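The lines below spell out each chain.
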Amino acid sequence: MKYPISLIALLFTVLISPMHAQEMWPGDANNNGVVNAVDVLYVGLAYGAAGPERDDATINWEAQPFELWGQNFPDGTDYGYADADGNGGIEDDDISSAILPNFGLTHGPLSPDGYANAAPGVGAPQVTLSPSATLVEAGASINIGLSLGNLDQPLENFYGIALALSYDTELIEPTTGFEFDDLDNSWINADEAEIEEVFVNDQLTGQAQIALTRINQTTISGGGQVAEFSIIIEDIIVGLTVDTFRLRVDSVLLIDNNFKRIPAVPDTATIIIADDTTKLSSTRQVSQLPARLFPNPARQHCYLDTPQELDFLKLVDTYGHTLWQAPPDLLVKSSGPRAIPLENLPAGIYQVQGGNSRGFFSRKLMVQ
Ligand SMILES: [Ca+2]
Ligand SMILES: [Ca+2]
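Here the structure is a predicted model, which is why all the values come from computation and not from measurement. (Residues numbered from 1 in each chain as written. Chains lettered and ligands numbered in written order. Predicted model: local features only at pLDDT ≥ 70, side-chain atom pairs only at ≥ 80, totals over all residues.)

**Quick word on unusual backbone geometry**
Where the residue is not glycine, phi is negative for most of them; where a peptide bond is considered, it is trans in most cases. Put simply, the rule is: Here a helix means four or more residues in a row that DSSP labels H or I, a strand means two or more in a row labelled E, and each is numbered from the N terminus. The exposure scheme places C-beta atoms from the backbone and then counts, for each residue, the other C-beta atoms within 10 Å of its own, assigning buried at 20 or more, exposed at 12 or fewer, and partly exposed in between.
At the junction of phenylalanine 294 and proline 295, the peptide bond is cis and its omega measures out at -15 degrees in the coordinates. Within the secondary structure layout, proline 295 lies in the loop between β15 (292-294) and β16 (301-305). Omega for the peptide link from asparagine 296 to proline 297 comes to 10 degrees, which places this bond in the cis form. Its location among the elements puts proline 297 in the loop between β15 and β16. For asparagine 31, which is not glycine, the phi dihedral falls at a positive 50 degrees. Since 21 C-beta atoms lie within 10 Å of it, asparagine 31 is described here as buried. Unlike most non-glycine residues, phenylalanine 259 shows phi in positive territory, near 60 degrees. Following the sequence through the fold, phenylalanine 259 ends up in the loop between β13 (242-255) and β14 (268-274). Overall, phenylalanine 259 belongs to the partly exposed group, with 18 C-beta atoms counted inside 10 Å.

Okay, structure coming up:
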């Protein structure tokens, strides 16, 4: 009698497994094959849990047998995988002494990390990047605020977030040109709950990862800034007329305290760097894409006329805060002008910015 190979393999596994302990790799808390910011969320969720110590535990990057704890994450992963240092407790040492030194290392086949980006315009919470300036000269220092949700649209039931980001490396100062700091007191720990924060940055490739997680198994709701990037533009940029620095949130994993994923809308910060910003006061040199804004000055609405399909279109204030972003249906190729709402905006100077892979434009707009 012939049995399918998979059935034989299954029987073999069932019969043999009690004699073999499970194996874990220190730092890969969700056992998906790689150590990254997502593993910090697993440690945050199981924080404070206790279980059997691992015999001869090491944080060296090697497979280590361990006894299952019998407590599982909602995806079925045993808590024992999150005890990176093997001392029988889930705590901050599992991050500092194992996840950080083993960050980026892999073993076996990779499973997905479960990042969940949402499309703009569907009412999902926003991850927003707000630069302190959007037009600067070489040598400038810029802060870019990182906000989760906002006061108009609070984020419900926050427990933790992991972000993967990328940025242009060639325009920033090579040693301290890209740094990150969480705010000591922001809405994600307004109840004075503790937060674990991880920032890992590779300035050679322009890839960074961030994890921010609560550790008390309870959620909080709110909105606003939670952290800030500090960017320093290179002092001397040979041949510079106009260039662009972009910081992009590529992937978001936002969770509640049951590891339920909350899809969130990522953002991109765009900063224009010019050899002489006064030459750009008319913004003509930045206008690589044809775009006409009218009326200008405007009151309730203005219109943008461009034949281009756009990747983004937004209205920013003089501090670089994004006040409005075009929904996807406004970005597609348009035969007529696109309306930009200006209701309830205080009178003043704003910028309308848009672009696609071929270029961008920035137009000064006066609101009366
Ligand atoms: Ca992992
Ligand atoms: Ca531990």
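Structure's up, so let's keep going.
**Overview of the packing of helix α2 (residues 37-46) against helix α3 (residues 92-99)**
Threshold: In this analysis, axes come from line fits to C-alpha atoms, helices being fitted only over the stretch in contact, and the angle between any two N-to-C directions falls in the range 0 to 180 degrees. Reported orientations rely on four angle classes, namely roughly parallel under 35 degrees, roughly antiparallel over 145, roughly perpendicular from 65 to 115, and oblique for the rest. Should the near helix be turned anticlockwise from the far one by less than a right angle, the crossing is left-handed, and should it be turned clockwise, the crossing is right-handed. The contact criterion used here is simple: two residues whose C-beta atoms, placed from the backbone, lie within 7 Å are in contact. Only Asp, Glu, Lys and Arg are considered charged in this grouping, and only Ala, Val, Leu, Ile, Met, Phe, Trp, Tyr, Cys and Pro are considered nonpolar; every other residue, Gly among them, is considered polar.
Between α2 and α3, the least distance of the axes is 9 Å, while the angle of their chain directions is 155 degrees. By the criterion of interaxial angle, the relationship of α2 to α3 is roughly antiparallel. Seen along the crossing, α2 lies across α3 with a hand that is right-handed. Contact with α2, carried on its side by Asp39, Val40 and Val43, involves Asp94, Ile95 and Ile99 of α3 and no other residues of that element. Tallied by class, residues from the contact of α2 with α3 come to four nonpolar, no polar and two charged.

**Side note on α2**
Along α2, ten of the ten residues are buried, which leaves the element largely enclosed by surrounding structure. For α2, the full list of buried residues reads Ala37, Val38, Asp39, Val40, Leu41, Tyr42, Val43, Gly44, Leu45 and Ala46. Looking at the packing, one finds that the buried side of α2 touches α3, β7 (160-167), β9 (195-202), β10 (207-214) and β13.

**Thoughts on the sheet that holds strand β3 (residues 127-131)**
Put simply, the test is: Whether two strands pair comes down to DSSP finding at least two bridges between them.
Spatially, four strands are ordered β3-β5-β12-β8 in an open sheet, and the strand pairing comes out antiparallel. What marks the edges here is a single partner per strand, and that holds for β3 and β8 (178-182). Taking each pair of neighbouring strands and ignoring which way they run, the sheet shows an average axis angle of 25 degrees.

**So, the environment of glutamine 64**
Tracing the backbone through its elements, the reader meets glutamine 64 in strand β2 (residues 64-66). C-beta crowding within 10 Å serves as the criterion here: with 18 such atoms nearby, glutamine 64 is assigned to the partly exposed category. Separated by 150 residues in the primary sequence, glutamine 64 and arginine 214 have C-alpha atoms spaced 28 Å apart. Filtering out sequence-adjacent residues up to four positions away, glutamine 64 remains in contact with Glu23, Met24, Pro26, Arg54, Ala57 and Thr58.

**Considerations on the nonpolar core**
Inclusion rule: When buried Ala, Val, Leu, Ile, Met, Phe, Trp, Tyr and Cys residues are joined through C-beta atoms within 7 Å, the set is termed a nonpolar core. For the purposes of this description, domain bounds are those given by an automatic or database domain assignment.
Core analysis: the largest hydrophobic core is formed by 67 residues, its most contacted members being Val40, Leu41, Val43, Ala82, Ala162 and Leu163. Considering every element that reaches this core, the biggest residue donor is α2, with eight residues. In this structure, this core is formed jointly by two domains, domain 1 (5-99) and domain 2 (127-277), each of which donates at least three residues. Leaving out residues up to four positions away in the same chain, alanine 82 has contacts with Ala29, Tyr42, Val43, Ala46, Ile90 and Asp94.

**Side note on the sheet that holds β13**
Pairing is mixed across the open sheet formed by six strands, whose spatial order is β4-β14-β13-β7-β10-β9. A strand with exactly one partner marks an edge of an open sheet, and here the two such strands are β4 (135-136) and β9. In terms of strand pairing, β9 meets β10 through eight bridges, oriented antiparallel. Bridging from a neighbouring strand, glutamate 196 pairs with threonine 213 of β10.

**Quick look at the domain arrangement of the chain**
Along its sequence, the chain is carved into domain 1 (5-99), domain 2 (127-277) and domain 3 (292-367). Relative placement of domain 1 and domain 2: their C-alpha centres are 30 Å apart. The partner domain 2 presents 15 residues to the 13 residues of domain 1 that form the contact. Of all elements in the fold, only α2 and α3 reach the threshold of two or more residues within the side of domain 1 that touches domain 2. Among the elements that make up the side of domain 1 that touches domain 2, the one with the highest residue count is α2 (six residues). Here the side of domain 1 that touches domain 2 is built from residues that sort into nine nonpolar, two polar and two charged.

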